[in-house]
Amino acid sequence: MTTPYLVFEYADNGCLRDCLSNTKIAEELTWEKRMQILSDVAVGLHYIHHYTKPPYLHRNVTSKNVLLTTDWRAKISGFKLAKPITRNEDMKQNDIYHESLMMGKLGYLAPEYLRFGLVSLKVDVFAFGIILLELISAKEALVDGCLLKDSVDFLSNDVLEDTSGCVEKLKEFMDPTLEGNYPIGDALCLALLAKGCVEEDPHHRPTMNDVLKALSRIVLLPSCLT
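Residues numbered from 1 in each chain as written. Predicted model: local features only at pLDDT ≥ 70, side-chain atom pairs only at ≥ 80, totals over all residues. Heavy atoms only, no water.

Turning next to the overall build of the protein chain. Counting its regular elements, the protein chain contains nine helices and eight strands. Partitioning the intrachain contacts of the protein chain with sequence separation of at least 6 by distance along the chain shows that 64% fall at a separation of at least 24. In the structure as shown, the protein chain presents an accessible area of about 12,100 Å², 53% of it carried by carbon and sulfur atoms. (Helix = DSSP H or I, 4+ residues; strand = E, 2+ residues; numbered from the N terminus. Contact = heavy atoms within 4.5 Å. Areas by Shrake-Rupley, 256 points an atom, 1.4 Å probe, with all protein chains shown as cover.)

As structure tokens, this is what we get:
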């Protein structure tokens, strides 16, 4: 039996997590470069969700599995846990199925997967939301038991009514190495998009197609929407 391989160009800049954790390297990650990385990850996940037949679930989307080339283009790796979403008579609505064996990395695992072993394409969307939060804040997905997803509670509907207070909290959340060199309106839109991606209820999360449509209003993306 032939073993398939994925061949990547050499990721000279290593993984995204290591770059964000190194202050000197993080300073090279300008807002524009981060938007390009975000776009590359979104387009990659969109492809395996909407263009492969059957659709594939990555199941291990983390900043460690986002590799960066010399020109800061992102390549998704870690496909060992990837799984096709195949429909059968036992498949529930929206292609949700159950797994008894837990896989993946804490901090990126969707709550329905952690609690009930429920798996769908929305599991990848949740992990993408975490990577988005990492890109704009440089914070890790899980530190001392604290989940990064909980750090966007300041974007609740009640808080958003106080626009100035919300903006100040967002500035505190953003990666200080950016030194404020980013459009605050775009940053707020991205934080809200991330919040949508990490919603507790998977039915309330966007699809990767929805994510690309939202990003297209902020970042110039290839024409790959379905």
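Further notes follow.
What follows deals with the nonpolar core. Counting 61 residues, the largest nonpolar core has Trp-31 and Phe-128 as the members making the most contacts within it. Mapped by element, the contributors of at least two residues to this core are α1 (16–21), α3 (31–50), β2 (66–68), β3 (74–76), α5 (122–137), α7 (163–173), α8 (184–197) and α9 (208–215). For this core, the element with the most residues is α5, which contributes eleven residues. In contact with Trp-31, other than residues within four places in its own chain, are Ile-136, Met-174, Leu-178, Asn-181, Tyr-182, Pro-183, Asp-186, Ala-187 and Leu-190. (Core = buried A, V, L, I, M, F, W, Y, C linked by side-chain atoms within 4.5 Å. Buried < 20%, exposed > 50% of the residue type's maximum accessible area, 1.4 Å probe, protein only.)

Looking along the chain, the bond that leaves Lys-53 and enters Pro-54 is cis, with omega of 0 degrees. Checked against the element boundaries, Pro-54 lands in the loop between α3 and β1 (56–57). A positive phi is found at Arg-59, a non-glycine position, where the angle reads about 75 degrees. With respect to the secondary-structure elements, Arg-59 resides in the loop between β1 and β2. For Arg-59, a relative accessible area of 14% gives the class buried. At Ala-138, a residue that is not glycine, the phi angle is positive and equals roughly 70 degrees. Mapped onto the fold, Ala-138 is located in the loop between α5 and β7 (142–143). According to the relative accessible area criterion, Ala-138 is buried, its value standing at 16%.

A word on the pattern of salt bridges. Summed over the entire model, instances satisfying the criterion amount to twelve salt bridges. Across the pair Glu-200 and Arg-115 runs a salt bridge whose closest N-O atoms are separated by 3.1 Å. With Glu-200 in the loop between α8 and α9 and Arg-115 in helix α4 (residues 111–116), this pair connects stretches of sequence that are 85 residues apart. Overall, Arg-115 belongs to the exposed group, its relative accessible area being 57%. (Salt bridge = Lys/Arg side-chain N within 4 Å of Asp/Glu carboxyl O.)

As far as function goes, none of this settles anything; it's purely spatial.
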